[in-house]
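Each chain, written out:
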Amino acid sequence: YTKDDSRDGHFNQIRAGFKGDLTGKTIGVAKFGYQNREYNDAGEKGFNHFVAEVGTYTKFSDRTQLRLTFWDTAIESIFENNNYYNNNSLQMELEQRLARNYTLICNLGVDRNLYPEVSPTANKKRRDTILNAGVALEYQAKEWIKAKVGYGFMKDFSNIDTQDYTDNQVTVSITLMI
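Residues numbered from 1 in each chain as written. Predicted model: local features only at pLDDT ≥ 70, side-chain atom pairs only at ≥ 80, totals over all residues. Heavy atoms only, no water.

**Student:** Got a minute to help me understand the packing of aromatic side chains in this structure?
**Tutor:** Aromatic rings in a pair are described by how distant their centres are and how their planes are angled relative to each other. Using the criterion set out here, one finds five aromatic pairs in the structure. Measuring from centroid to centroid gives 5.2 Å for Phe-47 and Tyr-84, while their planes differ by 70 degrees, and the two rings are edge-to-face. You can see Phe-47 sitting in strand E3 (residues 47-59) and its partner Tyr-84 sitting in strand E5 (residues 84-97), a full 37 residues away along the chain. By relative accessible area, which is 4% here, Phe-47 ends up buried. Residue classification places Tyr-84 among the buried residues on the basis of a relative accessible area of 7%. Aromatic side chains Phe-79 and Tyr-115 sit 5.5 Å apart centroid to centroid with 70 degrees between the ring planes, which places their arrangement in the edge-to-face category. Of this pair, Phe-79 sits in the loop between strand E4 (64-76) and E5 while Tyr-115 sits in strand E6 (residues 102-118), and the two are 36 residues apart along the sequence. Residues Phe-79 and Tyr-115 agree in their burial class; the two are buried. (Phe/Tyr/Trp six-rings, centres within 6.5 Å; stacked < 30°, edge-to-face > 60°. Helix = DSSP H or I, 4+ residues; strand = E, 2+ residues; numbered from the N terminus. Buried < 20%, exposed > 50% of the residue type's maximum accessible area, 1.4 Å probe, protein only.)

So, in structure tokens, the structure goes:
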């Protein structure tokens, strides 16, 4: 952190897992491990906990794929006196090829963010539930270049009213695969 040296620190994480064929069309992935986050200020509480990522990838056909993923991990925070928050996330992404070079991508998810420290301004621990959804259209112009236009929506329901938000985002991207 450039303005608050007490938040400087480091983290180490180790994860191991497995990947396997669950059905003829579905692959499962599971990764489990441990994360240790420590901060330079001895008074700042770190995160020492198990972390996980579990998911499936289903290829219904050459044109249709579905990805489901669950994460349990810690993420850096800049909210008041909280250095991190515990994030539990469940996400779904569906890809549907429409024509030879066009793919429709839809995503839907929910995140639960739990902040460990009591907010000094709200006198309670922050708890957020964030709903997200999106849709994008991708065009594969050549093997080495693709373009995408998309829309994303996020709604944060926080137990601290001033932290609620709604986010609408339009994106345009060009990707070169080198």
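**Student:** When you look at unusual backbone geometry in this model, what are you seeing that I'm missing?
**Tutor:** Glycine aside, negative phi is the norm for most residues, and most peptide bonds take the trans geometry. The backbone phi angle of Glu-80 is positive, close to 45 degrees, even though this residue is not glycine. Residue classification places Glu-80 among the partly exposed residues on the basis of a relative accessible area of 31%. The backbone phi angle of Asn-123 is positive, close to 60 degrees, even though this residue is not glycine. In this structure, Asn-123 sits in the loop between E6 and strand E7 (125-142).

None of this, on its own, says anything about what the molecule does.
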